[in-house]
Amino acid sequence: MAGGEKRRGLSKSCALLIVIAGIERYAFKGVASNLVTYLTDVVKMSNSRAATTVNTWSGFTFMLPLFSAPFADSYWDRFFTILASSSLYFVGLVGLTFTAFTGSRSTTKTISLYFLYTSLSLVALGLGVLNPSLQAFGADQLDYDLDHDNDHEPSSENKEVKSNRKTQFFQWWYFGVCAGSLLGVTVMAYIQDTFGWVIGFAIPTASMLLLIFLFLCGCGVYVYADPDLKAKPFQRILEIIKERVCGRNKITLVNDHDLNAMELELQDQKPLCNCSNTEANTTTKSLPDDHKSCKTGFSGLETVKLLLRLLPIWTMLLMFAVIFQQPATFFTKQGMTMKRNIGPNFKIPPATLQSTITLSIILLMPFYDKILIPIAKKLTKNEKGISVKERMGIGMFLSIIAIVIAALVERKRLKISKMMKTTPNLDPVSILWLLPQYILLGISDIFTVVGMQEFFYSEVPVSMRTMGFALYTSVFGVGSFVSAALISIIETYTSSRGGKHNWFADDMSEARLDNYYWLLAFTSAISFLMYIVICKHFKSRSDDDDQCDTNC
């Protein structure tokens, strides 16, 4: 910038994409947060089937980026990918609104399950492609800002500035996501419970139309990657497999374009080399000569190894994702059986309690950033206060405490429910008893979810950035499938012992959700202990960067 001044805030393109991410979360949470109520009360599904449906839908939504990311990274233009996927998302919401409309107009009040599942599948397909592409597109804008606002000469000051700017971007991104989620959960749950499901689905549909309009309005401020210089890491993976199968040991560059692509790959794919450059977010600019000496070469096999080395930590995060499926399913069903009155005329919609997760994030994020981190910096002598892996571990531990509290509250609710059968004048447990578990999940979210975003962003090469975000979202996708599988297995086993033993009975006074929560707490504790062991032996890219700075 002029005069050597460095811009401290985020660019217009980053800010606009953060707003767009918030609108997308508003639309998604406006549907997902109360979907289990729609399925049980309107579609007339059982509790277990509704929970399995929501978990499977969420799993498909969050798993899809893992399959779309290779194409987004290697072949698709991110701008048009975002435009196409958001349009598909919009069509799915239109279909979902139409199912609610036809159901309300039908004399039998029945809803076509085929049309409902098709609409939900379109939403999942659009969202699964949109989310990682939107985040990667935002990271492209951030990379451009960092390269133009800082000197190219490596220094400890520039490294700290870039690190702080990356953290600022992810925190503001997450703040936008949380703000949209908060509005979606609170406003839409109330509208759906009070004014009906047609308008309750129509408003998220309109917000997606607004998202598309705003995204198109930003065409003039976005930074676009040069398609001619775009690396193709997953194509390289297929090439190296083919070469190994055929018994050949090298990849032949057939023309100048491939040679240029390989030169770019040597500059960008730092973790795939023996010694990497300082920053994970290097763009398509050439590195100084002294840093080029750090580069030793590129191999598609190294890309496979890179993904495999992240697999153990990725696996240990799955139980955290399983716990995070509970607020939208069984926590909400719990709330429907509890005392929800505030005054004579107002009842708290159970799904709105999910807003306390988001609200606790928004309120406590400044405390984390302005108080906790400075204290941690002084104690640990670490410029970030706590490492990303430590941040994720703290959140995992807090989520275990939250599910233990949920088990204790559910046991108390069951005890009162059984007493009410013999003592009719006894009031049910207040829904406010659920607040501690929601708040603790919000606090754990600050640590683990933001940490996961930064971890996978930093541990993958630049040209595989969409895959990095896909790895993050796929944790929640596989976690949803694990949750759905657990419910199916447990219901099959407990139902075979007689109806009164079914943990997920439709009669919530007979269900044993407390046992399910204890099971989640136990498996999550094992996963947390294994995570600690794995982290002790995990070597991050930042460690390689420090070694490169020393040797090069």
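- An unreviewed UniProt entry annotates the protein chain as MFS transporter superfamily originating from Arabidopsis suecica.
- We quote the UniProt Subcellular location (unreviewed entry) comment for the protein chain here in full: "Membrane".
- You can read under Sequence similarities (unreviewed entry) in the UniProt record for the protein chain the words "Belongs to the major facilitator superfamily. Proton-dependent oligopeptide transporter (POT/PTR) (TC 2.A.17) family."

Comments concerning helix 2 (residues 35-42)
Okay, step 1: With respect to burial, helix 2 is a largely interior element, six of its eight residues being buried.
Okay, step 2: If you check which residues of helix 2 are buried, you get Leu 35, Val 36, Thr 37, Tyr 38, Leu 39 and Thr 40.
Okay, step 3: One or two steps after helix 2, the chain reaches Lys 44, where phi turns positive at roughly 65 degrees.

Section: the packing of aromatic side chains
Geometrically, a pair of aromatic rings is defined through the distance of the ring centres and the angle of the planes.
Okay, step 1: Using the criterion set out here, one finds 24 aromatic pairs in the structure.
Okay, step 2: On the basis of an interplanar angle of 45 degrees and a centroid distance of 5.6 Å, the ring pair of Trp 197 and Phe 201 is categorised as tilted. With a gap of four residues between them, Trp 197 and Phe 201 both fall in helix 7 (residues 197-217), about one helical turn apart. Summarising the burial analysis for this pair, Trp 197 and Phe 201 share the class buried.
Okay, step 3: Where Phe 331 meets Tyr 438, the ring centres are 5.5 Å apart and the plane angle is 75 degrees; that geometry is what we call edge-to-face. Of the two residues, Phe 331 sits in helix 13 (residues 330-336) while Tyr 438 sits in helix 16 (residues 435-459), which places them 107 residues apart along the sequence. Assigned by exposure class, Phe 331 and Tyr 438 land together as buried.
Okay, step 4: Taken together, the ring pairs connect Phe 330, Phe 331, Tyr 438, Phe 504, Tyr 516 and Tyr 517 into an aromatic cluster.
Okay, step 5: A cation sits over an aromatic face here: Lys 412 above Trp 433, 5.3 Å from the ring centre.

Quick word on helix 7
Okay, step 1: If you check helix 7, its first and last C-alpha atoms are 31 Å apart, about what 21 residues at 1.5 Å a residue would give, namely 30 Å.
Okay, step 2: Taken as a whole, helix 7 has its buried residues at Trp 197, Gly 200, Phe 201, Pro 204, Thr 205, Ser 207, Met 208, Leu 211, Ile 212 and Phe 215. Considered in projection along helix 7, the buried side chains sweep an arc of 155 degrees and stay on one side of the axis.

Quick word on the state of the cysteines
Okay, step 1: Taken as a whole, this structure holds zero disulfides when the rule is applied.
Okay, step 2: Of all cysteine sulfurs, the one in Cys 217 lies closest to Cys 219, which takes part in no disulfide; the gap is 8.0 Å.
Okay, step 3: On the basis of relative accessible area, Cys 219 is assigned to the partly exposed category, the value being 33%.

Description of the environment of Asp 41
Okay, step 1: Structurally, Asp 41 is set in helix 2.
Okay, step 2: Within the structure, the side chain of Asp 41 is placed 3.3 Å from the side chain of Thr 40, a separation counted as a polar contact.

Observations concerning the pattern of salt bridges
Okay, step 1: Taken as a whole and assessed by the stated rule, the structure comprises five salt bridges.
Okay, step 2: A salt bridge links Glu 459 to Arg 309; its shortest N-O distance comes to 3.3 Å. Taken together, the positions of Glu 459 in helix 16 and Arg 309 in helix 11 (residues 300-316) put the pair 150 residues apart, joining distant regions of the chain.
Okay, step 3: Accessibility expressed as a relative area gives 4% for Glu 459, which makes it buried.
Okay, step 4: Of the charged contacts, one joins Asp 514 and Arg 411 as a salt bridge, the two residues approaching to 3.3 Å between their closest N and O atoms. Of this pair, Asp 514 sits in helix 18 (residues 513-536) while Arg 411 sits in helix 15 (residues 388-422), and the two are 103 residues apart along the sequence.
Okay, step 5: The buried category is assigned to Asp 514, whose relative accessible area is 0%.

What about the packing of helix 1 (residues 12-32) against helix 4 (residues 78-105)?
Okay, step 1: At a closest axis distance of 12 Å, the pairing of helix 1 and helix 4 adopts a crossing angle of 30 degrees. The angle between helix 1 and helix 4 places the two elements in the roughly parallel class. Helix 1 and helix 4 meet at a crossing whose hand is left-handed. Contacts from Glu 24, Ala 27, Phe 28 and Val 31 in helix 1 reach Tyr 89, Leu 93 and Leu 96 in helix 4.
Okay, step 2: Of the residues in the contact of helix 1 with helix 4, the class split is six nonpolar, no polar and one charged.

Focus on the packing of helix 4 against helix 7
Okay, step 1: At a closest axis distance of 9 Å, the pairing of helix 4 and helix 7 adopts a crossing angle of 165 degrees. Between helix 4 and helix 7, the crossing angle belongs to the class labelled roughly antiparallel. Classified by chirality, the crossing of helix 7 by helix 4 is left-handed.

About the criteria used
Residues numbered from 1 in each chain as written. Predicted model: local features only at pLDDT ≥ 70, side-chain atom pairs only at ≥ 80, totals over all residues. Heavy atoms only, no water. UniProt positions renumbered as here; feature names shortened; annotations may be inferred. Buried < 20%, exposed > 50% of the residue type's maximum accessible area, 1.4 Å probe, protein only. Helix = DSSP H or I, 4+ residues; strand = E, 2+ residues; numbered from the N terminus. Phe/Tyr/Trp six-rings, centres within 6.5 Å; stacked < 30°, edge-to-face > 60°. Lys NZ or Arg CZ within 6 Å of the ring centre and 35° of its normal. Expected span 1.5 Å × (residues − 1). Arc of directions from axis to C-beta. Disulfide = S-S within 2.5 Å. Polar contact = N/O pair within 3.5 Å; in protein donor to acceptor, adjacent residues only side chain to side chain. Salt bridge = Lys/Arg side-chain N within 4 Å of Asp/Glu carboxyl O. Axes fitted to C-alpha atoms, helices over the stretch in contact; angles between N-to-C directions. Parallel < 35°, antiparallel > 145°, perpendicular 65-115°, else oblique. Left-handed = near helix turned anticlockwise from the far one by under 90°. Contact = heavy atoms within 4.5 Å. Nonpolar A, V, L, I, M, F, W, Y, C, P; charged D, E, K, R; others polar.

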